[in-house]
Amino acid sequence: MFQTNSLILLAFLVIALATLSGCTKPPYTNLDNEQLKAKLDQNIPLYDVRRPEEWLQTGVVKNSRLLTFADQSGRLKPDFIRKFTAAIGKHEAVMLICRTGNRTDSLARFLIEKLGYTQVYNVRRGIRGWIREGRPVVRP
C-alpha cells in the first residue's frame, strides 16, 4: 500500500511540475544537437526515456541507455526511479532525451528539485529534432 501511495504522489508531483514548468527558467540545462554531440563525445550518459515502441519507430541515438519513464497513459513506470538512481549518482552528469523534450523537461525538473541531482541536461527538441537535422540513429 505504501509503495502504491508513493508512486501516486510521485506521479502527481511530476504532473504538477510539468504544469508549472513554463513559468520559470528551468533548473536544468537545455542542449541543442551540437551540444548533445559534444557531451556524447565526453561519454556523458544519454537516457532515452521513451517507450519501446517509440524506440522501434524512430531508432535511437547511438549508445543511448533505454529506460522507459512513463507508460502510454502518462503514468510513471514503477521501477523507473529505482533503476535510474541505481545507475546515476546525484552529482554525475546525465542527459535525457524523449520524442520532443516535454517528458524530459518534467523528468529533469523532478530529478533536480525533488531528488537533488545537480548535472541534468535535457535535449531540447528530442529525437525528432535530432532526426530532423539528419543526425544518425541506430535500431535498439
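Preceding this paragraph is the structure being described.
What counts, and where the lines are drawn
Residues numbered from 1 in each chain as written. Predicted model: local features only at pLDDT ≥ 70, side-chain atom pairs only at ≥ 80, totals over all residues. Heavy atoms only, no water. Helix = DSSP H or I, 4+ residues; strand = E, 2+ residues; numbered from the N terminus. Buried < 20%, exposed > 50% of the residue type's maximum accessible area, 1.4 Å probe, protein only. Contact = heavy atoms within 4.5 Å. Areas by Shrake-Rupley, 256 points an atom, 1.4 Å probe, with all protein chains shown as cover. Pairing = 2+ DSSP bridges. Axes fitted to C-alpha atoms, helices over the stretch in contact; angles between N-to-C directions. Salt bridge = Lys/Arg side-chain N within 4 Å of Asp/Glu carboxyl O. Arc of directions from axis to C-beta. Polar contact = N/O pair within 3.5 Å; in protein donor to acceptor, adjacent residues only side chain to side chain. Right-handed = clockwise from strand over helix to strand, strands pointing away.

## Some details on the overall build of the protein
Phase 1: When its secondary structure is counted, the protein shows six helices and five strands.
Phase 2: Across the protein, helices and strands are ordered from the amino to the carboxyl terminus as α-β-α-β-α-β-α-β-α-β-α.
Phase 3: Of all 140 residues assigned to the protein, the portion counted as buried reaches 42%.
Phase 4: Contacts spanning at least 24 positions in sequence make up 68% of the contacts within the protein whose residues lie at least 6 apart.
Phase 5: Surface summary for the protein: the accessible area is close to 8000 Å², and the carbon and sulfur share equals 53%.

## A closer look at the sheet that holds strand β4 (residues 94-97)
Phase 1: Read from one edge to the other, the open sheet built from five strands follows the order β1-β5-β4-β2-β3, with strand pairing classed as parallel. Strands with a single pairing partner mark the edges of an open sheet, and in this sheet they are β1 (29-31) and β3 (65-66).
Phase 2: Looking at chain direction, strand β2 (residues 46-48) and β4 are connected through three bridges and run parallel. Each residue of the ladder has a partner; that of Asp48, found in β4, is Ile97.
Phase 3: Seen against the sheet, helix α2 (residues 33-41) touches β1, β2, β4 and β5 (120-123) and runs at an angle of roughly 100° to β1.
Phase 4: Contacts from helix α5 (residues 102-113) reach β4 and β5 within the one sheet, and its direction differs from that of β5 by about 175°.

## Here's the deal with the pattern of salt bridges
Phase 1: Within the structure shown, the criterion is met by 10 salt bridges.
Phase 2: With its nearest N and O atoms 2.8 Å apart, the salt bridge here joins Asp48 to Arg50. Each member of the pair, Asp48 as well as Arg50, is classed as buried.
Phase 3: For Arg51, the salt bridge goes to Glu54, with nearest N and O atoms at 3.6 Å. With respect to burial, Arg51 and Glu54 carry one shared label: buried.
Phase 4: The network of salt bridges with shared partners includes Arg51, Glu53, Glu54 and Arg103.

## Quick look at α2
Phase 1: Among all positions of α2, only Asn33, Leu36 and Lys39 are buried. Relative to the axis of α2, the buried residues are bounded by an arc of 120° and lie together on one face.
Phase 2: For α2, the elements touching its buried residues are β1, β2, β4, β5 and α6 (126-132).
Phase 3: The backbone nitrogen of Glu34 has a side-chain oxygen 3.1 Å away, supplied by the residue at the start of α2, namely Asp32.
Phase 4: Among the residues trailing α2, Asn43 stands out with phi positive, at a value near 65°.

## Some details on the side chain of Asn33
Phase 1: With respect to the helices and strands, Asn33 occurs in helix α2.
Phase 2: At 3.2 Å, the side chain of Asn33 and the side chain of Glu133 are in polar contact.
Phase 3: Setting aside anything within four residues of it in sequence, one finds Asn33 in contact with Val123, Gly129, Trp130, Glu133 and Arg135.

## Quick notes on the pairing of β4
Phase 1: Across the two faces of β4 the burial is the same, with Val94 and Leu96 and Met95 and Ile97 all buried.
Phase 2: You can see the chain leave β4, run along α5 and come back into β5, and the turn it takes is right-handed.

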